[in-house]
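Each chain, letter by letter, is given below.
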Amino acid sequence: AAGGVDHDKLVQYAQKHFGNLTCNYENEIPDLPQARFTPSELIHRDDNMPLIHLALAIETPGWTDADTVALMVANSMIGSWDRSHGGAYHSGSQLRAKASNNLKNSLHSFQAFNTFYSDTGLWGVYMVAERDQPKEALFE
(Lines give C-alpha, C1' and ligand atoms only; values in the text may rest on other atoms or scores of the structure.)
Protein backbone atom coordinates (compact mmCIF):
# COMPACT_ATOMS: atom_id res chain seq x y z
CA ALA A 1 0.00 0.00 0.00
CA ALA A 2 0.99 3.62 -0.28
CA GLY A 3 0.41 5.92 2.69
CA GLY A 4 -3.19 6.33 3.77
CA VAL A 5 -4.60 4.83 0.56
CA ASP A 6 -6.62 1.63 0.35
CA HIS A 7 -4.37 -0.92 -1.41
CA ASP A 8 -7.16 -2.41 -3.53
CA LYS A 9 -8.19 1.08 -4.72
CA LEU A 10 -4.56 1.85 -5.62
CA VAL A 11 -4.27 -1.38 -7.63
CA GLN A 12 -7.55 -0.58 -9.38
CA TYR A 13 -6.32 2.89 -10.42
CA ALA A 14 -2.95 1.53 -11.50
CA GLN A 15 -4.59 -1.10 -13.69
CA LYS A 16 -6.96 1.49 -15.16
CA HIS A 17 -4.29 4.05 -16.06
CA PHE A 18 -1.17 1.93 -16.58
CA GLY A 19 -2.45 -1.57 -17.28
CA ASN A 20 -2.12 -1.35 -21.06
CA LEU A 21 1.48 -0.14 -21.10
CA THR A 22 4.08 -2.50 -22.52
CA CYS A 23 7.84 -2.54 -22.25
CA ASN A 24 8.21 -2.40 -26.05
CA TYR A 25 8.69 0.79 -28.05
CA GLU A 26 7.12 0.30 -31.44
CA ASN A 27 8.32 3.47 -33.17
CA GLU A 28 11.79 4.11 -34.53
CA ILE A 29 14.22 5.30 -31.87
CA PRO A 30 15.48 8.72 -32.97
CA ASP A 31 19.18 9.15 -33.71
CA LEU A 32 20.02 12.21 -31.64
CA PRO A 33 22.92 14.43 -32.67
CA GLN A 34 25.86 14.77 -30.29
CA ALA A 35 25.34 17.44 -27.66
CA ARG A 36 27.15 20.68 -28.29
CA PHE A 37 28.97 22.08 -25.28
CA THR A 38 28.67 25.85 -25.06
CA PRO A 39 30.97 27.49 -22.53
CA SER A 40 29.25 30.24 -20.62
CA GLU A 41 29.45 32.53 -17.65
CA LEU A 42 26.57 33.51 -15.43
CA ILE A 43 27.05 36.21 -12.84
CA HIS A 44 24.25 37.11 -10.49
CA ARG A 45 25.39 39.69 -7.99
CA ASP A 46 23.41 40.29 -4.84
CA ASP A 47 25.20 42.48 -2.29
CA ASN A 48 22.62 41.56 0.33
CA MET A 49 23.92 37.99 0.45
CA PRO A 50 26.73 37.42 2.96
CA LEU A 51 28.43 34.67 0.93
CA ILE A 52 29.36 34.02 -2.68
CA HIS A 53 28.52 30.72 -4.33
CA LEU A 54 30.85 29.84 -7.18
CA ALA A 55 31.16 26.90 -9.55
CA LEU A 56 33.96 26.34 -12.06
CA ALA A 57 33.66 23.49 -14.55
CA ILE A 58 35.16 22.11 -17.74
CA GLU A 59 33.68 19.85 -20.39
CA THR A 60 34.49 16.17 -20.11
CA PRO A 61 33.85 13.22 -22.40
CA GLY A 62 30.67 11.18 -22.16
CA TRP A 63 29.87 8.26 -19.90
CA THR A 64 31.29 5.56 -22.19
CA ASP A 65 34.73 7.17 -22.62
CA ALA A 66 37.71 5.48 -20.93
CA ASP A 67 38.74 8.78 -19.31
CA THR A 68 35.67 8.76 -17.07
CA VAL A 69 37.45 6.49 -14.58
CA ALA A 70 40.37 8.92 -14.23
CA LEU A 71 37.92 11.80 -13.73
CA MET A 72 36.06 9.84 -11.06
CA VAL A 73 39.35 9.19 -9.25
CA ALA A 74 40.29 12.88 -9.49
CA ASN A 75 36.87 13.82 -8.17
CA SER A 76 37.38 11.53 -5.18
CA MET A 77 40.89 12.83 -4.56
CA ILE A 78 39.73 16.44 -4.44
CA GLY A 79 36.71 15.48 -2.38
CA SER A 80 35.05 18.11 -0.25
CA TRP A 81 35.68 20.27 2.79
CA ASP A 82 33.52 22.35 5.08
CA ARG A 83 34.90 24.54 7.81
CA SER A 84 32.27 23.27 10.21
CA HIS A 85 33.89 19.81 10.07
CA GLY A 86 36.85 19.19 12.32
CA GLY A 87 40.05 17.34 11.58
CA ALA A 88 40.66 18.53 8.02
CA TYR A 89 44.13 19.83 8.85
CA HIS A 90 45.24 16.28 9.61
CA SER A 91 43.56 14.64 6.62
CA GLY A 92 45.48 13.06 3.76
CA SER A 93 44.44 15.79 1.34
CA GLN A 94 46.78 18.78 1.05
CA LEU A 95 43.92 20.81 -0.40
CA ARG A 96 41.73 20.12 2.63
CA ALA A 97 44.61 20.85 4.99
CA LYS A 98 45.33 24.16 3.24
CA ALA A 99 41.66 25.12 3.23
CA SER A 100 41.44 24.27 6.93
CA ASN A 101 44.60 26.12 7.91
CA ASN A 102 45.10 29.02 5.49
CA LEU A 103 41.69 29.76 4.03
CA LYS A 104 39.37 29.29 6.99
CA ASN A 105 38.65 33.01 7.14
CA SER A 106 37.60 33.28 3.48
CA LEU A 107 36.43 29.84 2.35
CA HIS A 108 33.40 28.17 3.89
CA SER A 109 33.33 24.96 1.84
CA PHE A 110 34.25 23.33 -1.44
CA GLN A 111 33.09 20.20 -3.20
CA ALA A 112 34.28 18.56 -6.40
CA PHE A 113 31.60 17.39 -8.79
CA ASN A 114 31.50 15.15 -11.80
CA THR A 115 28.44 14.76 -14.04
CA PHE A 116 28.44 12.47 -17.07
CA TYR A 117 25.89 12.30 -19.86
CA SER A 118 25.82 10.02 -22.89
CA ASP A 119 28.20 12.09 -24.98
CA THR A 120 29.50 14.93 -22.79
CA GLY A 121 29.91 15.85 -19.16
CA LEU A 122 31.05 18.42 -16.59
CA TRP A 123 33.84 18.17 -14.06
CA GLY A 124 34.54 20.95 -11.60
CA VAL A 125 34.37 22.39 -8.13
CA TYR A 126 31.69 24.28 -6.24
CA MET A 127 32.66 26.56 -3.39
CA VAL A 128 31.15 28.96 -0.89
CA ALA A 129 33.25 31.88 0.32
CA GLU A 130 33.04 35.23 2.07
CA ARG A 131 31.52 37.87 -0.18
CA ASP A 132 34.51 40.20 0.04
CA GLN A 133 37.25 37.56 -0.41
CA PRO A 134 36.61 35.61 -3.62
CA LYS A 135 40.20 35.91 -4.88
CA GLU A 136 41.61 34.38 -1.71
CA ALA A 137 39.25 31.43 -2.03
CA LEU A 138 40.06 30.90 -5.72
CA PHE A 139 43.76 31.56 -6.00
CA GLU A 140 45.35 30.69 -2.67
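Summarised in this report is the structure supplied together with it. Owing to the predicted nature of the structure, the values given are computational and were not obtained by experimental measurement.

## Observations regarding the pattern of salt bridges
Alright, step 1. Using the criterion set out here, one finds two salt bridges in the structure.
Alright, step 2. Between Arg83 and Glu130 there is a salt bridge whose closest N-O contact spans 3.6 Å. You can see Arg83 sitting in the loop between β2 (80–82) and α3 (94–101) and its partner Glu130 sitting in strand β4 (residues 121–130), a full 47 residues away along the chain.
Alright, step 3. Assessed through its relative accessible area of 35%, Arg83 is described here as partly exposed.

## A closer look at the sheet that holds β2
Alright, step 1. The strand order across the open sheet formed by four strands is β1-β4-β3-β2, and the pairing between neighbours is antiparallel. A strand with exactly one partner marks an edge of an open sheet, and here the two such strands are β1 (51–60) and β2. Across the sheet, the mean angle from the axis of one strand to that of its neighbour is 15 degrees, orientation sign disregarded.
Alright, step 2. Here nine bridges tie strand β3 (residues 107–116) to β4, and the two strands are oriented antiparallel to one another.

## Thoughts on the packing of aromatic side chains
Alright, step 1. In this structure the tally under the stated criterion is two aromatic pairs.
Alright, step 2. Between Trp81 and Phe110, the aromatic rings sit 6.3 Å apart at their centres with planes inclined by 25 degrees, giving stacked as the arrangement. Within this pair, whereas Trp81 is found in strand β2, its partner Phe110 is found in strand β3, the two being separated by 29 residues in sequence. There is no split in this pair, since Trp81 and Phe110 are both buried.

## Section: a nonpolar patch on the surface
Alright, step 1. Nonpolar side chains collect at one region of the surface, where Trp63, Val69, Met72, Val73 and Met77 lie side by side and expose about 530 Å² of accessible area between them.
Alright, step 2. One can find Val73 in helix α2 (residues 67–78).

## Digging into the side chain of Thr60
Alright, step 1. On the secondary structure map, Thr60 appears in strand β1.
Alright, step 2. Polar side-chain contacts of Thr60 include one of 3.4 Å to the backbone nitrogen of Leu122.
Alright, step 3. Leaving out residues up to four positions away in the same chain, Thr60 has contacts with Leu71, Thr115, Phe116, Thr120, Gly121, Leu122 and Trp123.

## Here we look at the nonpolar core
Alright, step 1. Listed in full, the six residues of the largest apolar core are Trp81, Leu107, Phe110, Val125, Met127 and Ala129.
Alright, step 2. Mapped by element, the contributors of at least two residues to this core are β3 and β4.
Alright, step 3. The element contributing the most residues to this core is β4, with three residues.
Alright, step 4. Ignoring any residue separated from it by four or fewer positions in sequence, one finds Val125 in contact with Leu54, Ala55, Leu56, Phe110, Gln111, Ala112 and Phe113.

Definitions and cut-offs
Residues numbered from 1 in each chain as written. Predicted model: local features only at pLDDT ≥ 70, side-chain atom pairs only at ≥ 80, totals over all residues. Heavy atoms only, no water. Salt bridge = Lys/Arg side-chain N within 4 Å of Asp/Glu carboxyl O. Helix = DSSP H or I, 4+ residues; strand = E, 2+ residues; numbered from the N terminus. Buried < 20%, exposed > 50% of the residue type's maximum accessible area, 1.4 Å probe, protein only. Pairing = 2+ DSSP bridges. Axes fitted to C-alpha atoms, helices over the stretch in contact; angles between N-to-C directions. Phe/Tyr/Trp six-rings, centres within 6.5 Å; stacked < 30°, edge-to-face > 60°. Patch = residues over 30% accessible without salt bridge, like charges linked within 9 Å, V, L, I, M, F, W, Y side chains within 5 Å. Areas by Shrake-Rupley, 256 points an atom, 1.4 Å probe, with all protein chains shown as cover. Polar contact = N/O pair within 3.5 Å; in protein donor to acceptor, adjacent residues only side chain to side chain. Contact = heavy atoms within 4.5 Å. Core = buried A, V, L, I, M, F, W, Y, C linked by side-chain atoms within 4.5 Å.

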